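# Architecture at a glance
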Amino acid sequence: MSLSSVSARLTLLALLSASTFYCFYESRRLRKLKLSLQNPKPDRSVSKPKLFFVSQTGTSKALAQRLFDLLAINDLAFDLVDPKDYEPEDLPKETLVLIVASTWEDGKAPASAKFFANWLAESADDFRVGSLLLSNCNFAVFGVGSGAYGATFNSVARDFSKQMRAMGAREVLPVWEGDVDSGDVDEVFDAWSVKVVGFLKHGGVVENGGGEVLVSESDGESVADDEDSEEEEGGDDGSEIVDVEDIAGKVPSRKKAVAVAETNGKLNGKKDMVTPAIRASLEKQGYKIIGSHSGVKICRWTKSQLRGRGGCYKHSFYGIESHRCMEATPSLACANKCVFCWRHHTNPVGKSWQWKMDDPLEIVNSAIDLHTNMIKQMKGVPGVTLERLMEGLSPRHCALSLVGEPIMYPEINTLVDELHRRRISTFLVTNAQFPEKIEMLRPVTQLYVSVDAATKDSLKAIDRPLFGDFWERFIDSLKALREKQQRTVYRLTLVKGWNTEDIDAYSKLFSIGKPDFVEIKGVTYCGTSATSKLTMENVPWHSDVKAFSEALAQRSQGEYEVACEHVHSCCVLLAKTDKFKVNGKWFTWIDYEKFHNLVASRKPFSSMDYMAATPSWAVYGAEEGGFDPGQSRYKKERRHKSSTD
């Protein structure tokens, strides 16, 4: 036998031995796999599949927890992971990943997931990484975002999907998206969750108890590929209750789930602004919801003056009767997500009116009914006299500044006219994003524009506007304000560390809108939340507000002077000297009866036609500090722990 023949036979024997060994090894591996599926005992040396939540406000975290519980009920073991506690370099080791991802400012990931998001983006774009880095990983992504942001809606979830696929990961379900503004996020997420569980248990990816993930031989293609054909087959109407164990073939597709969500609460193609979830959140905060998009709430200063304990700054500055003031809005939606929002962004947002619309007369009637019912509940409260209670049951002022953007409501003029017809004055606040609405607005008692910052960058950081051209809209709103003949106000909210250093920039804005008054108020601390990281350190003292106001008045070179203050509200008023300072005396108060007569006359009139003298106790520098001496001052006892306790 030749040497070459011997060599060939040895090679063949080696190959046969290797093949036999491989078959034996594979047989044992498959047998072990079957046993583990029948009686799963997790191998703690191998990590479980991961369920990531990328969350800023807590919504995505709560949704992920819900899915985590559902997976556990179905014997599908996962680790619930915050990306800030995870090393992205370990992703290539993962075999199954689920991600619930929120999109935050400018279409970016929240701060807690910044490193994770950057790693994905950089790795996907790095040619040295290649397209097989995540080839062992199966994944699915659910996005949580605000549809009002347009192009950046759920961009984080979309980017994650694109980047993971670029590195070879297999997407077992297409990206599903929930819109927190439409109120359908819970419904769509639940449909996605059922789809995920159904797929893991019956569709194609199976967790074998030891961390391995197998693709079913009967379904080698991604579920995403079968999405359209599944829809065409029709199916259940969704009305029956489906047991999670019987979900195979009954799970609604993404498109179907979204379609169902979009039809809920619609009338003639228009949806309710206030979804059940938003309604529950606002009602929990004490708001009374009117119809489908309006609200009313009793102010603490209304209750305070009912008890004879003093009125708000509007009482000191403009002479309103706080116990006869109704705080309401015809639009709970807003076009900003300000860092100091009292509602912590529980109200809807939008850039245009896209909801069904309630009748303005019904809104006014309901607002008054709900307000007076809340006033009646003050009966018997210490300090509330019968006289003040009866006065409170007949509101004379309406602060259209409760929440949202009142000027968005298409019938705002009709609503204002109805209030005036009932001789109820109107204090309307707009967030300076709808200049065309300001232009078409009929006379109101006093029109406010919120000037939360003096530069483009700081306005974007503080107001977090939805519009891309927010600065142009802001400037145009100030220009529109200048054309108004009735009383106009710049409303400045000072946030220490954010906008208290821009005195020169604020001064320059005066020449654009030429407001009659400038209200300067320290931000109200409403608690730190996921949507706002403000702390008490950001709240200025009254002395800070006074110093800022005096410096701003000085910059105006006599055009404005500090006229009034309300120490309790940490608020100061600048007024135009050539209009409201007559013979050395301030006239910042309002003659309300004269205003209503002027409106009823339908003749042109100006802010100077219904001004009234300011009482001495409300003038800046008075020892009363803006507190009405006709009221009884009440100070709460504050007990602080002593160092000896």
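How each quantity is defined
- Residues numbered from 1 in each chain as written.
- Predicted model: local features only at pLDDT ≥ 70, side-chain atom pairs only at ≥ 80, totals over all residues.
- Heavy atoms only, no water.
- Core = buried A, V, L, I, M, F, W, Y, C linked by side-chain atoms within 4.5 Å.
- Buried < 20%, exposed > 50% of the residue type's maximum accessible area, 1.4 Å probe, protein only.
- Helix = DSSP H or I, 4+ residues; strand = E, 2+ residues; numbered from the N terminus.
- Contact = heavy atoms within 4.5 Å.
- Lys, Arg positive; Asp, Glu negative; His and termini not counted.
- Salt bridge = Lys/Arg side-chain N within 4 Å of Asp/Glu carboxyl O.
- Expected span 1.5 Å × (residues − 1).
- Arc of directions from axis to C-beta.
- Pairing = 2+ DSSP bridges.
- Axes fitted to C-alpha atoms, helices over the stretch in contact; angles between N-to-C directions.
- Parallel < 35°, antiparallel > 145°, perpendicular 65-115°, else oblique.
- Left-handed = near helix turned anticlockwise from the far one by under 90°.
- Nonpolar A, V, L, I, M, F, W, Y, C, P; charged D, E, K, R; others polar.
- Polar contact = N/O pair within 3.5 Å; in protein donor to acceptor, adjacent residues only side chain to side chain.
- Phe/Tyr/Trp six-rings, centres within 6.5 Å; stacked < 30°, edge-to-face > 60°.
- Lys NZ or Arg CZ within 6 Å of the ring centre and 35° of its normal.
- Disulfide = S-S within 2.5 Å.

## Let's talk about the nonpolar core
- Ranked by internal contacts, the top residues of the largest apolar core, which has 78 residues, are Val451, Phe474, Tyr490, Leu492, Ile520, Leu552 and Leu574.
- Here this core gets seven residues from one element, more than from any other, and that element is helix 16 (residues 470–482).
- In contact with Ile520, other than residues within four places in its own chain, are Leu492, Leu494, Val545, Phe548, Ser549, Leu552, Cys570, Cys571, Val572 and Leu574.

## Quick notes on the side chain of Asp82
- Assignment of secondary structure puts Asp82 in the loop between strand 2 (79–81) and strand 3 (96–102).
- No salt bridge is formed by the buried Asp82; its nearest oppositely charged neighbour, Lys84, is found at 4.1 Å.
- Residue contacts for Asp82: discarding those within four places in its chain leaves Phe53 and Ser112.

## A short note on the pattern of salt bridges
- Throughout the structure, instances matching the rule amount to 23 salt bridges.
- Put simply, Asp79 and Lys48 hold a salt bridge, and the shortest N to O gap is 3.6 Å. Linking Asp79 in strand 2 with Lys48 in the loop between helix 1 (3–38) and strand 1 (50–54), this pair joins segments that are 31 residues apart in sequence.

## Comments concerning helix 3 (residues 114–125)
- With twelve residues, helix 3 ought to run about 16 Å at 1.5 Å a step, and its terminal C-alpha atoms sit 17 Å apart, in line with that.
- If you check which residues of helix 3 are buried, you get Phe116, Ala117, Trp119, Leu120 and Ser123. The buried residues of helix 3 all sit within an arc of 160° when viewed along its axis, so they share a single face. Within helix 3, the exposed residues directed more than 90 degrees away from the buried face are Lys114, Phe115, Glu122 and Asp125.

## Quick notes on the sheet that holds strand 20 (residues 571–576)
- Strand order across the open sheet formed by ten strands is 11-12-13-14-15-16-17-18-20-19, with mixed pairing between neighbours. Looking at the sheet topology across the chains shown, the edges are occupied by strand 11 (288–290) and strand 19 (560–566). Adjacent strand axes in the sheet meet at a mean angle of 25°, parallel and antiparallel pairs treated alike.
- Relative to strand 18 (residues 517–522), strand 17 (residues 487–494) runs parallel, the two sharing six bridges. Paired with Arg491 across the two strands is Glu519, which belongs to strand 18.

## Re the packing of helix 17 (residues 503–513) against helix 18 (residues 542–555)
- Close contact between helix 17 and helix 18 brings their axes to 9 Å; oriented N to C, the two are set at 50°. Here helix 17 lies oblique to helix 18, going by the angle between them. Crossing geometry of helix 17 relative to helix 18 is assigned as right-handed. Between helix 17 and helix 18, the residues in contact are Ile503, Asp504, Tyr506, Ser507 and Phe510 and Phe548, Ala551, Leu552 and Arg555, respectively.
- Broken down by class, the residue content of the contact of helix 17 with helix 18 amounts to six nonpolar, one polar and two charged.

## What about the environment of Ser556?
- Looking at the element boundaries, Ser556 is found in the loop between helix 18 and strand 19.
- Polar side-chain contacts of Ser556 include one of 2.6 Å to the backbone oxygen of Ala553.

## Brief notes about helix 15 (residues 456–463)
- Within the span of helix 15, buried status applies to Ser458, Leu459, Ile462 and Asp463. An end-on view of helix 15 places all buried positions within 105° of arc, on one side of the element.
- Each element contacted by the buried residues of helix 15 is listed here: helix 16.

## Remarks on the pairing of strand 13 (residues 325–329)
- Most of strand 13 is tucked away: five of the five residues are buried.
- Residues of strand 13 alternate between two faces, with Cys325, Glu327 and Thr329 on one and Met326 and Ala328 on the opposite face, all of them buried.
- Here strand 12 (residues 294–297) pairs with strand 13 via three bridges, running antiparallel. Paired with Lys297 across the bridge in strand 13 is Glu327.
- Here three bridges tie strand 13 to strand 14 (residues 397–400), and the two strands are oriented parallel to one another. Residue pairing across strands places Glu327 opposite Ala399, the latter belonging to strand 14.

## Quick look at the packing of aromatic side chains
- For the coordinates displayed, the defined rule picks out 23 aromatic pairs.
- With a centroid separation of 5.2 Å and an interplanar angle of 40°, the aromatic rings of Phe52 and Phe116 are classed as tilted. On the criterion of sequence distance, the pair formed by Phe52 in strand 1 and Phe116 in helix 3 is long-range, its members being 64 residues apart.
- Take Phe52: its relative accessible area is 0%, and that puts it in the buried class.
- One aromatic cluster in this structure is built from Tyr313, Phe317, Tyr318, Phe427, Phe517 and Phe580.
- Over the aromatic face of Phe467 sits the side chain of Arg473, whose NZ or CZ is 3.8 Å from the ring centroid.
- Across from the ring centre of Phe627, 5.0 Å away, lies the NZ or CZ of Arg633, which sits over that ring.

## Side note on the state of the cysteines
- With the rule as written, the count across this model stands at zero disulfides.
- Note on Cys564: no disulfide assigned, nearest cysteine sulfur contributed by Cys571 at a separation of 9.8 Å.
- When its relative accessible area of 0% is taken as the criterion, Cys564 is described as buried.
- The cysteine Cys571 is free of any disulfide, with Cys570 supplying the nearest cysteine sulfur at 8.1 Å.
- Classification of Cys571 by relative accessible area gives buried; the value is 0%.

## A few points about the packing of helix 16 against helix 17
- Interaxial distance between helix 16 and helix 17 falls to 7 Å at its minimum, and their mutual angle equals 50°. Taken together, the axes of helix 16 and helix 17 lie oblique to each other. Judged by residue contacts, Phe474, Ile475, Leu478, Lys479, Leu481 and Arg482 of helix 16 engage Leu509, Ser511, Ile512 and Gly513 from helix 17.
- Broken down by class, the residue content of the contact of helix 16 with helix 17 amounts to six nonpolar, two polar and two charged.

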